[in-house]
Structure formats: C-alpha cells, structure tokens
Amino acid sequence: MTTQTRQTQTNRKAKRKINKLNLWTLILVFLVFCELIVGLAGLIVLRGYLKEKPELYVDDFFSPESSNIYDKNGDLIADVGTQLRENITYNQMSESIIDSFLAVEDSRFFSHDGFDLPRFAKSALVNVKNVLTKNPARQGGSTFTMQLVKLTYYQNDETGITRNKDIEYKVQQITLARELEKKSNKKAIFELYLNKMNFGGIGNIRGIEKASQYYYGKPAGELNLAESAMLAGVINSPYYYDPHNFLDLATQRRNTVLDMLLRHGYINKKEYTLAKNIRVEDTLIDPSGRSSSGKDGNKYANQSYIDTVIEEAERITGLDPLSVAMEIYTYMDPEAQRVMDAIQSDEVENVVFPDDLIEIAMISENNQTGEIVAIGGGRNYGRGGSMLLNHATHQYKQPGSSIKPIIDYALAFEYLGWATSHVVTDKPIMYQGTNIIIKNANERYGGQMPLQYAVTWSLNTPAIQALQDVINTAGWQTVVDYIKSLGFSQVTEDNFDIGFAIGGSNFTCTAQELMAAHAILMNGGKYIQPHTISKIVFKNGTKEPINPTYEPVQVLSPESAYLAASLMYNLVPQYTYSQLLQRDYPVYAKTGTTDWGTEGLEYNIPQGASKEVWMVSETSQYTTAVWVGYEKGIKDENTYFDDYKLNLNIQGRISNEILSVLNDELHPDFIPQPEGVVNITHILGTFPYAYPLQDMDPNLITTGLIRADKAQLISLEETKIENLSSFTINDQLEASFAPYPDASKLTVAEDTMDISLYNGENAVVSAWGKRLFDESWIYGPIRYKVRIRVNGEVRGEAVSDNANFNVEVDIPSGTNIEACGYYGFENGNIQSNEICVTLKTSGSKKNPTPSPDKEPTIQVPNNTADKETVRAWATSHGGNCIDGEVKTSKMKMEIQLWMHLTQILSLIKTLTKY
C-alpha cells in the first residue's frame, strides 16, 4: 500500500472519529437542551404549583389552647373550646414520648431538612406495589414537619378533611416544610407537632398533654414506655385506635409502635417485653370523669353555670373563650352546684316532679356582693347537653306576687311613710280606665287587715292600691325608673302599667333578675349586677388580666329595704308553702303564682289554673330564686298546677335543699336594723297614725316599725272630717245642710263593712269585709250641728242626724243671731269647717217634723232609767236604740208624748211615797 493510500485511509478514520464525536456531542447537546426545556417547563410548572402556596408565618403553627374555668376554690371545673388543648414544651415531655413518636413517625427527623427523600421514595414504591396488587394499604412518607404544614394549612382540624392530595399540594407541602425548618428549630417543630395532633377521645381532645390527662390522668412528662407507645399509635387513626372504642385495635397498634422502638434501637429486648406484657386497659382511667364539663362522673356537671360563665367572659372581653385561650376564675360553690345538678337530674328524694313536662330554674347569689354561686338551668340540663335554654338566665316569665315586697311595699315605705303595722283594705277594684276587675286568687275579699297579713297571703288588691298611691304621690316616672334600676331588662315606660304591682300584665323577668332585685332588701337597698367571674387571665400573655368590678348602686333607702325585708321574715312561719324553710337562723321568703287566665282554654286547661310558681328565699348572706312551671300549654297533657301539684310544693322543697347547703353551716344572723328605723305605737287602722287614747282597748292599739323621718303621730282629734259645702238657716231656725258625703258615717260603724265595687248605684261585685277600727267607736257617728251665738256668746247648740231640722233654742223673736253649721262627731270636739249665717229670728218651731225620707231619731235622756224605758218601748214598737239614740218607724211626736207620760207616772210614784 502506498504512502498516499495509507494517508487517505488515516484521514478517513480521523473523519469518522470526528463525526462520531460530533454525533455524541449533538446528542448530548440535544439532551441538555431537552433537559433545559424540561427543566424550564418544570420550573414553569413548579412556579405554577407554588403560585398558590400559602405565605408561611411561624406563628401560624402555634395551636390555641382551650380555656379553663375554675370554681371559687381554684379547682378546675371545665375545659372549654372548639378543641380541648393544653400546650407544653419539648422539655416537659418524657423521653419515652419523644422516642415513640420518632420511631413510628419520623426516625430521621433530627437529620433531614424537612423532606426525607429516601423515606418518601420508599413509601411511593410501596404504594405503587400495593396499587398493582390491589392492596388498599397506603404508607405515608411525610415527615413531622410536612405533617405540621398539612395540619396548619391544608386540613380542617375539626373534620379531618384534607384538600385533594395532588402533585401541587405535595410540592407546596414539601416547600413549606423546608421553609419552616429554616425559620424554626427541630425541638420547636416537634413540640408544635405534638401540641397540634388529634388524639381522639370525648370532647375534641388535642395535644399530647390533654391526651395524657384524658387517658391516664397525669402529665405527659410522667408517661411510661407502654403509655407513650399507645398515644403514639392513636394519632394514626384517632377513632379506631382509641382503646375506649376498640381495645383490640389499640393494643395491636401499641405493639406495632413498640416493635418500631426495638427496631430502631430506642429500647432493648427486655424493655420491649415488659412494655408489651402490660395490658392497655389496666393503665387507662375512666374517661367519664375527665370530660370537658367537670371532674365528677357526670359529663354535664356544672354545665348550667359553665354556659353562663362563657357568655359573661365574652361580654367582658369581647372575645370568645371557645377560640381564645383564657383562665377564668369564678365564684361557683361546688357543693351548691352539685345540689342543683342533682335536683334537675331528678336525683333528690325530697323533690318530686309530677310529670316530664314540668320545668324548673334555680339560681343563688351572695347578696352582699352579687356573686352568683350556683345555677340550675333546668331539667333539660339534667338530661344532658350544653348551651341549652338556660331557664334561670334566659327565660322570661311573669313573676307574680314574688314582686310585691320589692316594688309595692318597699315603695310604700319609701314614699308614703307606711309602718309595718299599717292597715290596708282588701276589696274588689278595677284597673283605672278599664272594666277589668282585679281579684284575689280565691276571689274573696277580707276588708281591713294588717299589712303583714296581706303580704303573707299574697292578696292582690292591697298591692295594686299601694302602688297606685305611690304613683299618685311620687309620680309614674319615679316608679318606672325604680323598677328599671332593679335590673329588670324588659321594663320600659311604654309597657309599664299598674298590673306590674302583682307581677302581671307586661311584666316579665328571668330568675336571675328576680334574685338580684330581691337581694337589695338584704344589703341595705343597693343593687349589684349579678356575676360569675372574679378574674380572667389570657394564656398567651398578650393582654393584661381582667378583674371585673361591680359597684353597688343605692336604689332604695336602707330603712325601706329593711322594712320590706321584715315583712318577708314574718311570712316564713305563717305561710303554708314557706314553713319548711324555718331554721334556727333568720330566713326571709316570698312566693308567687301566675295563671293561664283564658289562654289555656284551647289546651283544655281550666280557666285561671296556675301556670307557674315562684319562691324567693333569703338570708343575710344568700338569695335564691326558684321557678317551677310549664314552658307552654299542650292540649290534654294537664300542663297546669292542680291541687295535687300545688301541694307537692316543689318550689319550697327545692328552696329548702339549696337553703341548707348554703346556710346551715354558716348560720347567718339577722340583717342589721338601720338607725333610721324605729318602733311606732298607734291606734290600729289610723293613717296618719294616731296616739292611743288613755285606757283604750288594747286590741285597738298596735306597734310596728317605721322610718324615723316618717314617725309622726297625730291626736285622734285631728281626724279630718269632710268639709261642709253648704248650710242655710231661716228666721224660723229651720236648718239645711249639704248631706254628709259618706252616709255610712252617720251611724256607729259595725265590725263589718260594705266593700262592694259599685258602678254608680249598682254593685258590680258585692262583698263584705272586716272593719278593724272606726272613729265612731270612740266619738260616735257624724252629726249635723248648729251653734247659736248672740252678741258673740253661745246661747245654744243643736244636733241632728238629719240634714234638715229645726233648731230648738230659747231665743226671743226678733233677736239678731249668728248661726254656724258644721259636721262633727256626736262626742268630742272634732268638727269640719263652719259656715255661719247672720239673721234675725222670728221664733223657732219647738217640735219639728223630720223629713219623710229620714227615720225619726230622738236623744235618750241621760237618766239611765229613762234610757232603759225608751229602749223597751222602742223594741216593743218595732224600733231600735243604738248608742243613746232611739230609731223607730213611729212618729217622733208619739215617742216624746210617751216619754212625758212615763215621766209623769214616775213622779206620781215618787209622791205617793211621801
């Protein structure tokens, strides 16, 4: 082969090498180009995936704790919140807790950057294999950090639902996990993770600390290996691995965690064996005792009180305790609350409910401070539940007669100057401007009676009259303002009317409002807003603690408050339903009843049947209001109080139980008597109150308490008589008076009185009642009197029970006289105004004939024998003799002639003796 040929061949080989190099280069360039394209596309896609990525803030990963509520002793009574959680730090966790979670969830946690590629790849291969083999099991490849990101940004913590697990979601999750690792540290991420996790259980348990307390009754820092392994296994499926639900599944899962601990070298074989041999059920506590609502075995213990606390805390702070972690300290008395819970759960032997429809409400407060110590929201709470209708704080009902001491009679003491010994008149009356007749519950009327009796037996008409007198004296607005100052939220100027006097009409209130209003009688007339919370501390420390304060407001004088309270004290031993409240310490009480009226007829409820009953019981320390009744009428279900139900005295028995638990050990004293309250002794039934007369019948004298500034006594002789409006007399001395306005005063009053309700001359309601006192018993009846003066000297007086009569006086005809007419009692010097007439006489008629419309009346001579003689004659002739007067159907002339004849016969008998 020539040199040229060899050179040619060599050139060809070199060219082929160059071409191959170029080819590979081209291929490599192409691949790089493709990679760049793919990478660029990937970056574009990745950027698209990350476009909707949440902005990461470390604070987002902190889990809000639940709020804690404590009783007056500082003992925890409830964890409340959308989730129940108590955060702890990494250093507060036991070593076994940390090892268990690392072993089963993320063994390389302290070495990766938030994304564990080997574990992620392995789980992906396993999952592909399981899909191909139709195995439903799936293996997770997420790290603690990735799971924390998921729980914070991608999962609804309440439902457990995660957004679609697509590539976009996974890319964002990994990216955010790596960001979090850069902004935080491993220990912080680990504690954030364990504080956030769902551990199942009753009450939405979240976080390792709350789970440890729930399952084992101790802090997470005290958990042993077996207990830690069980909790590490629960989070994979909080419902199915909850040992209270599925003990076998929970045990299997616990053992799997122990296997992983042994595999990764966290424990040795001996520790493994010992832990595995411990039965899961032997380590658990009863979860019913660790609920969200109390420490005892009742899941809903204290719930009526807790619901009130939550509402009050939100009102004070403007924040919801269910979502903002707070430490809330209250005034709840655990023993009193336990009694109320037992009552509304039908667990108290002495309190019997006649049916399942009847409801109750109970609430007690320290009446010196306004601190609510216990709340019974109703039998609905006894059946279980929270945030129900709290009958004690949210149900508005008519208070009935329970209102009378704090409105009608407290104001009568305040503005009318009444004493506790005041006499009232129980009679049928009408609402002003209407045809509505006000009746008592028994539709009977008693006439005059001591105030105490009217209060004790809850009589309506005296209360109505008392409040009307206050309105007439102090004004409508004064009364409305006072009632509103007692905390009755539904009272306005527009809906107030006289029916409020008996707790009827538009007057409605809650048991809480009634309790707080009554408390003013125990604390000297000061209203204090009722409240449950003593202190609020924010767990995150971002706000200063709150110590709510409630200033007392003086709404009634201490004197009037004391006087009204004394009526309630005297009621307890006298009234049937309150007698069981008697103790060896002073107890004050008032009851109330409202009825269906005609509204119940559509439910076949008898007209006027009772719908609900109240009792307010008090000591100088605590006030309790109890309501028992029906929320609504139900046809043919007897939703009313018949005699049997009334005699059960449910309200009294409930009050008795609460009174005992709050007061029996305390043994409270009487409320202190203000210096401005004094005794007053006066004639019974007088007002203004009159001095007793010397040697007066003791039964007509009474003693009571009164405000010192109102304790003025008058002489009975200051008793006012109606003014004389007209009087005439002629020269024949024929006098004519305007008839006395009250014709009944013209005779000596009997011990009964007509208290009928009249419309004109017609009696709308006929009734007779007792009379306790009348001035005529002392001074005789009212008489028409004429006094004759000549030259200023009294020459004679004439008295008659007839408005028209001849004045008999021995005065010559033609004499200038002054004749003054007036009304006056028959005896004594009490008289009306005088009307005087000056005239010249022409002579008087000696034996005037009475007007035909009047029964003849003559004065009996003072001679006793004459009196008895006339009395005998009057009786024999169909007449009568009353207090020194003879009244008969015979003519007065005949009586006088007979008297003269009797005197003549008496004279003859006397002369014959000589």
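As the structure is a computational prediction, the values presented were derived from the model and not from experiment.

A. Focus on the overall build of the chain. Looking only at helices and strands, one finds 25 helices and 33 strands in the chain. For the chain, the proportion of its 914 residues judged to be buried stands at 50%. In the chain, once contacts between residues fewer than 6 apart in sequence are set aside, the share between residues at least 24 apart is 69%. As displayed, the chain offers around 44,000 Å² of accessible surface, 50% of which is attributable to carbon and sulfur atoms.

B. Seen up close, the state of the cysteines. Enumeration according to the criterion identifies one disulfide in this entry. Paired by a disulfide, Cys 820 and Cys 836 hold their sulfur atoms 1.9 Å apart. Taking the torsion about the sulfur-sulfur bond, which here is approximately 110°, the covalent link between Cys 820 and Cys 836 counts as right-handed. Residue Cys 820 is located in strand β29 (residues 816-825), and its partner Cys 836 is located in strand β30 (residues 835-840); the two are separated by 16 residues in the primary sequence.

C. Quick peek at the side chain of Thr 815. Position of Thr 815 relative to the elements: it lies in the loop between β28 (804-806) and β29. In this structure Thr 815 comes out as buried when scored by relative accessible area, which is 17%. From its side chain, Thr 815 meets the backbone oxygen of Pro 812 in a polar contact 2.7 Å long. Filtering out sequence-adjacent residues up to four positions away, Thr 815 remains in contact with Val 790, Leu 839, Lys 840 and Thr 841.

D. Representation of helix α19 (residues 511-518) in the model. Counting buried positions along α19 gives eight out of eight residues, so the element sits mostly inside the fold. Taken together, the buried positions of α19 are occupied by Ala 511, Gln 512, Glu 513, Leu 514, Met 515, Ala 516, Ala 517 and His 518.

E. Highlighting the pairing of strand β1 (residues 67-70). The alternating pattern of β1 places Ser 67 and Ile 69 on one face and Asn 68 and Tyr 70 on the opposite face, and all of these are buried. Inspection of the sheet shows β1 paired to strand β2 (residues 76-80) by four bridges, in the antiparallel sense. Each bridged residue has a counterpart across the sheet, and for Tyr 70 the counterpart in β2 is Leu 76. Hairpin connection of β1 to β2: five residues between the antiparallel strands, including Gly 74 at a positive phi of 85°. Looking at chain direction, β1 and strand β5 (residues 326-330) are connected through three bridges and run parallel. Each residue of the ladder has a partner; that of Tyr 70, found in β5, is Tyr 329.

F. Quick peek at the environment of Asn 236. Take Asn 236: it is sitting in the loop between α8 (225-234) and α9 (247-263). It is 9.9 Å that separates the C-alpha atoms of Asn 236 and Val 104, two residues lying 132 residues apart in sequence. If sequence neighbours within four positions are ignored, Asn 236 has contacts with Tyr 241 and Arg 253.

G. Spotlight on the pattern of salt bridges. One pass over the full model with this rule turns up 24 salt bridges. Lys 210 serves as the salt-bridge partner of Glu 86, at 3.9 Å between the closest nitrogen and oxygen. Of the two residues, Glu 86 sits in the loop between β3 (84-85) and α2 (95-105) while Lys 210 sits in helix α7 (residues 208-216), which places them 124 residues apart along the sequence. Since its relative accessible area comes to 31%, Glu 86 is described here as partly exposed. In this structure, the salt-bridge partner of Arg 787 is Glu 834, at a minimum N-O distance of 2.4 Å.

H. Quick peek at the packing of aromatic side chains. Overall, the coordinates contain 34 aromatic pairs when judged by the stated rule. Each ring, one from Phe 144 and one from Tyr 193, has its centre 4.6 Å from the other, and the planes form 35°; the classification is tilted. Here Tyr 193 lies in helix α6 (residues 186-196) and Phe 144 lies in helix α4 (residues 144-154), a separation of 49 residues in the sequence. Of the two residues, Phe 144 and Tyr 193, neither departs from the other in class, the shared state being buried. Through pairs of rings, three or more aromatic residues link up here, namely Tyr 90, Phe 109, Phe 110, Phe 144, Phe 190 and Tyr 193. Positioned over the ring face of Trp 596 is Lys 611, at 4.9 Å from the centre of the ring. Above the face of the Tyr 640 ring, Lys 645 is positioned so that its terminal group lies 5.8 Å from the ring centre.

Reading the values: rules and limits
- Residues numbered from 1 in each chain as written.
- Predicted model: local features only at pLDDT ≥ 70, side-chain atom pairs only at ≥ 80, totals over all residues.
- Heavy atoms only, no water.
- Helix = DSSP H or I, 4+ residues; strand = E, 2+ residues; numbered from the N terminus.
- Buried < 20%, exposed > 50% of the residue type's maximum accessible area, 1.4 Å probe, protein only.
- Contact = heavy atoms within 4.5 Å.
- Areas by Shrake-Rupley, 256 points an atom, 1.4 Å probe, with all protein chains shown as cover.
- Disulfide = S-S within 2.5 Å.
- Polar contact = N/O pair within 3.5 Å; in protein donor to acceptor, adjacent residues only side chain to side chain.
- Pairing = 2+ DSSP bridges.
- Salt bridge = Lys/Arg side-chain N within 4 Å of Asp/Glu carboxyl O.
- Phe/Tyr/Trp six-rings, centres within 6.5 Å; stacked < 30°, edge-to-face > 60°.
- Lys NZ or Arg CZ within 6 Å of the ring centre and 35° of its normal.

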